[in-house]
Amino acid sequence: MHQTWQWLPAAEFSATLVAVMPEDVRTVVESVFRRESGKIIAGLIRRFGDFDIAEEAMQDAMLAALDHWATEGAPGNPAAWITTTAQRKAIDRLRRSRTRDEYQSAANHDAPAPLDEMESPSPFQDDRLPLIFTCCHPALGLDAQVVLTLRTLGGLTTPEIARAFLVPEATLAQRLVRAKRKIREAKIPYRVPSAEQLPERLEAALSVLYLIFNEGYSATAGDALVRRDLASEAIRLTRLLLELMPGQHDVAGLLALMLLQDSRRAARLDADGELVVLEGQDRDKWDHGQIAEALRLLEGLGRIVDPGPYLLQAAIAAEHARAAKAQKTDWSRIAILYGALQRIQPSPVIALNRAVAVAMAYGYEQGLALMDELRQAGELDHYHLYHAARADLLRRLGRKDEAAAAYRVALRLATNQAERRYLERRLSDVSG
């Protein structure tokens with residue numbers, strides 16, 4: 001039981017703990033890890049100034065909890081117990097180090113205080129926000145900024161992040177190693193930047209938050225379509241960022257976008273847990289409080305001359321939200337907005353979404369022609385949603401054999417089980 005564990009992200013480590021822990025403490029340990037791991041690691045990084053030490057100390061503390069709670073029972077404040085234990089484990093690791101600098105660093109630390117007595121230098125009393133900006137320091141490349149924050153703060157696995165970036169897992173692993181080394185060697189400070197420094201950090205911070213939200217809104221792998229904890233965390237941190245930068249329209253746009261997308265959560269699965277696409281969702285199940293809040297955010301910004309990508313995406317989501325029925329959706333307006341988005345942020349995925357909007361607004365053949373142009377470029381060959389969207393248009397056009405072939409490709413590439421079951425049903429429809 002007492003061993004050195006290689007750092008694993010939240011999903012992997014949680015699964016490992018579940019495999020070996022006694023039944024009576026499983027729920028508590030899982031809950032603490034799922035809800036508190038990001039906050040605990042962020043606090044440890046602030047205190048000890050090292051990502052690896054923080055990650056290793058927290059997992060040492062989790063293993064200690066596994067031993068202790070199985071015999072003594074869970075404490076009244078499990079997160080505080082883990083935090084205090086992790087701090088002591090970090091100090092022990094530093095004291096065992098053979099380098100004088102690290103020993104001195106450990107000697108300068110007092111005995112750790114429980115979580116509810118610790119104070120954070122952040123004006124929001126939350127270590128996760130300064131962690132975002134530490135990871136988004138301009139000394140790091142944009143890809144490294146996003147990957148490091150997703151791994152450390154969001155607890156996403158390397159395959160999940162690799163899928164978000166459409167790059168090999170080995171590439172992601174190297175980025176993580178280099179990013180941590182750069183932070184350590186450059187002595188990048190752990191704090192919320194000054195007002196003058198904030199704008200240059202904003203783009204990376206927004207990218208991080210949106211990718212975390214997307215992984216929560218539509219999990220790339222596993223049985224669950226939605227990882228509600230990640231989506232909620234992204235929304236919460238975006239609210240904090242908007243409080244930090246009031247009136248910043250890109251932050252407001254991102255928050256509105258998240259709220260609009262998250263508002264559909266209850267309607268995305270049917271009573272049997274099967275995926276329901278936007279067109280078939282029961283709109284009475286949408287969270288109209290979230291929709292109203294998002295629309296107020298957008299209306300409060302007024303007319304923006306040069307809207308950014310998140311504001312444009314929020315405007316697209318708002319068009320869906322305003323339609324009482326799917327048939328009332330203003331697809332021509334959505335196609336225009338996707339065209340504007342493609343001009344400022346060229347992307348094959350955005351081009352695919354524009355093709356879908358064109359198909360719905362002006363005819364399936366026009367949309368299919370745009371998709372075939374994307375197919376020739378080859379950039380979406382391994383993107384299952386491209387093949388699923390193309391299959392849907394072929395199905396609507398009555399070209400069942402071609403639709404079945406496209407559904408088979410999408411099914412081969414999809415890794416989320418809820419999406420796979422949906423694709424299997426569609427394939428059965430056109431094959432029957």
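Residues numbered from 1 in each chain as written. Predicted model: local features only at pLDDT ≥ 70, side-chain atom pairs only at ≥ 80, totals over all residues. Heavy atoms only, no water.

## Observations regarding the overall build of the chain
Thinking step 1. Secondary structure summary: the chain contains 20 helices and zero strands in total.
Thinking step 2. Going through the 432 residues of the chain one by one, you find that 52% of them count as buried.
Thinking step 3. Taking all contacts inside the chain whose residues are at least 6 apart in sequence as the whole, residues at least 24 apart take part in 64%.
Thinking step 4. Working note: accessible area of the chain is about 20,400 Å², and carbon and sulfur atoms make up 48% of it. (Helix = DSSP H or I, 4+ residues; strand = E, 2+ residues; numbered from the N terminus. Buried < 20%, exposed > 50% of the residue type's maximum accessible area, 1.4 Å probe, protein only. Contact = heavy atoms within 4.5 Å. Areas by Shrake-Rupley, 256 points an atom, 1.4 Å probe, with all protein chains shown as cover.)

## Let's talk about the nonpolar core
Thinking step 1. Judged by nonpolar contacts, the single largest core of 87 residues is most densely connected at Ile82, Leu131, Ile132, Leu148, Phe213, Leu241 and Leu260.
Thinking step 2. No other element matches helix 10 (residues 198-217), which puts eleven residues into this core.
Thinking step 3. Non-local contacts of phenylalanine 213, meaning those with residues more than four positions away in its chain, are made with Ala231, Ala234, Ile235, Met258, Gln261 and Asp262.
Thinking step 4. Judged by nonpolar contacts, the second largest core, of 27 residues, contains Leu393, Ala404, Ala410 and Tyr422. (Core = buried A, V, L, I, M, F, W, Y, C linked by side-chain atoms within 4.5 Å.)

## Some points on the pattern of salt bridges
Thinking step 1. All told, the structure shown has 18 salt bridges when counted by the stated rule.
Thinking step 2. The partner of aspartate 50 in a salt bridge is arginine 184, with the nearest N and O atoms 3.7 Å apart. Of this pair, aspartate 50 sits in the loop between helix 2 (23-48) and helix 3 (51-72) while arginine 184 is found in helix 9 (residues 169-186), placing the two residues 134 residues apart along the sequence.
Thinking step 3. The class of aspartate 50 is buried, set by a relative accessible area of 12%. (Salt bridge = Lys/Arg side-chain N within 4 Å of Asp/Glu carboxyl O.)

## Considering helix 13 (residues 288-301)
In an α-helix, one turn spans 3.6 residues, which is why side chains three or four residues apart end up on the same side.
Thinking step 1. Helix length check: helix 13 (14 residues) gives 20 Å between terminal C-alpha atoms against 20 Å at 1.5 Å per residue, within 8%.
Thinking step 2. Among the residues of helix 13, Gln290, Ile291, Ala294, Leu295, Leu297, Leu298 and Leu301 are the ones counted as buried. Axial view of helix 13: buried residues confined to an arc of 155 degrees, hence all on one face. Exposed side of helix 13, more than 90 degrees from the buried face: Arg296, Glu299 and Gly300 are the residues found there.
Thinking step 3. One side-chain oxygen at the N-terminal end of helix 13 lies 3.1 Å from the backbone nitrogen of glycine 289; it belongs to aspartate 287. (Expected span 1.5 Å × (residues − 1). Arc of directions from axis to C-beta. Polar contact = N/O pair within 3.5 Å; in protein donor to acceptor, adjacent residues only side chain to side chain.)

## Considerations on the environment of isoleucine 91
Thinking step 1. Relative to the elements of secondary structure, isoleucine 91 occurs in helix 4 (residues 78-96).
Thinking step 2. C-alpha separation for the pair isoleucine 91 and isoleucine 53, spaced 38 residues apart in sequence, amounts to 9.3 Å.

## As for the environment of glutamine 366
Thinking step 1. For glutamine 366, the location among the structural elements is in helix 17 (residues 364-377).
Thinking step 2. We classify glutamine 366 as partly exposed; its relative accessible area is 45%.
Thinking step 3. Note: C-alpha distance between glutamine 366 and valine 356 (ten residues apart in sequence) is 9.3 Å.

## With respect to the side chain of lysine 180
Thinking step 1. Here lysine 180 shows up in helix 9.
Thinking step 2. Assessed through its relative accessible area of 12%, lysine 180 is described here as buried.
Thinking step 3. Once residues lying within four places of it in the same chain are set aside, the contact partners of lysine 180 are Phe51, Asp52, Glu55 and Leu148.

## Remarks on unusual backbone geometry
Thinking step 1. One non-glycine residue, lysine 187, lies in the positive phi region at around 55 degrees.
Thinking step 2. Mapping lysine 187 onto the fold places it in the loop between helix 9 and helix 10.

## Let's talk about the packing of aromatic side chains
Thinking step 1. Counted by the stated rule, this structure contains three aromatic pairs.
Thinking step 2. Measuring from centroid to centroid gives 6.5 Å for tyrosine 210 and phenylalanine 213, while their planes differ by 10 degrees, and the two rings are stacked. Linking tyrosine 210 with phenylalanine 213, this pair stays in helix 10, spanning three residues, or about one helical turn.
Thinking step 3. The exposure class assigned to phenylalanine 213 is buried, which follows from its relative accessible area of 0%.
Thinking step 4. Note on tyrosine 210 and tyrosine 310: the rings are 5.6 Å apart at their centroids and 85 degrees apart in plane angle, and the pair reads as edge-to-face. Separated by 100 residues along the polypeptide, tyrosine 210 in helix 10 and tyrosine 310 in helix 14 (residues 309-322) bring together distant segments of the chain. Per residue, the accessibility class of tyrosine 210 equals that of tyrosine 310, and both read buried.
Thinking step 5. An aromatic cluster is defined as three or more aromatic residues linked by ring pairs; in this entry it consists of Tyr210, Phe213 and Tyr310.
Thinking step 6. When the ring centre of tryptophan 286 is taken as origin, the NZ or CZ atom of arginine 264, which lies over that ring, is 6.0 Å away. (Phe/Tyr/Trp six-rings, centres within 6.5 Å; stacked < 30°, edge-to-face > 60°. Lys NZ or Arg CZ within 6 Å of the ring centre and 35° of its normal.)

## Observations concerning the packing of helix 6 (residues 128-135) against helix 7 (residues 142-152)
Each pair of packed helices can be summarised by the angle the axes make with each other and by the distance between the axes.
Thinking step 1. Interhelical geometry of helix 6 versus helix 7 gives an angle of 150 degrees and a closest axis separation of 8 Å. Comparing their axes, helix 7 and helix 6 come out roughly antiparallel. Between helix 6 and helix 7, the contacting residues are Leu131, Ile132 and Cys135 on the first element and Gln145, Leu148, Thr149 and Thr152 on the second.
Thinking step 2. Of the residues belonging to the contact of helix 6 with helix 7, the class tally is four nonpolar, three polar and no charged. (Axes fitted to C-alpha atoms, helices over the stretch in contact; angles between N-to-C directions. Parallel < 35°, antiparallel > 145°, perpendicular 65-115°, else oblique. Nonpolar A, V, L, I, M, F, W, Y, C, P; charged D, E, K, R; others polar.)

## Things to note about helix 4
Thinking step 1. For helix 4, spanning 19 residues, the distance from its first C-alpha to its last is 27 Å, which sits close to the expected 27 Å at 1.5 Å a residue.
Thinking step 2. Among all positions in helix 4, only Pro78, Ala79, Ala80, Ile82, Thr83, Thr84, Thr85, Ala86, Gln87, Ala90, Ile91 and Leu94 are buried.

## So, the packing of helix 18 (residues 384-396) against helix 19 (residues 400-413)
Thinking step 1. Packing of helix 18 against helix 19 brings their axes to within 8 Å, and their N-to-C directions diverge by 160 degrees. On the basis of their axis angle, the class for helix 18 and helix 19 is roughly antiparallel. The handedness of the crossing between helix 18 and helix 19 comes out as left-handed. Across the interface between the two elements, His384, His387, Ala388, Arg390, Ala391, Asp392, Leu394 and Arg395 from helix 18 touch Glu402, Ala403, Ala406, Tyr407, Val409, Ala410 and Leu413 from helix 19. (Left-handed = near helix turned anticlockwise from the far one by under 90°.)

## Focus on the state of the cysteines
Thinking step 1. Inspection of the entire model under this criterion finds zero disulfides.
Thinking step 2. In this structure cysteine 135 is not part of a disulfide, and its nearest cysteine sulfur, from cysteine 136, lies 6.4 Å away.
Thinking step 3. On the basis of relative accessibility, which here comes to 0%, the residue cysteine 135 falls in the buried class. (Disulfide = S-S within 2.5 Å.)

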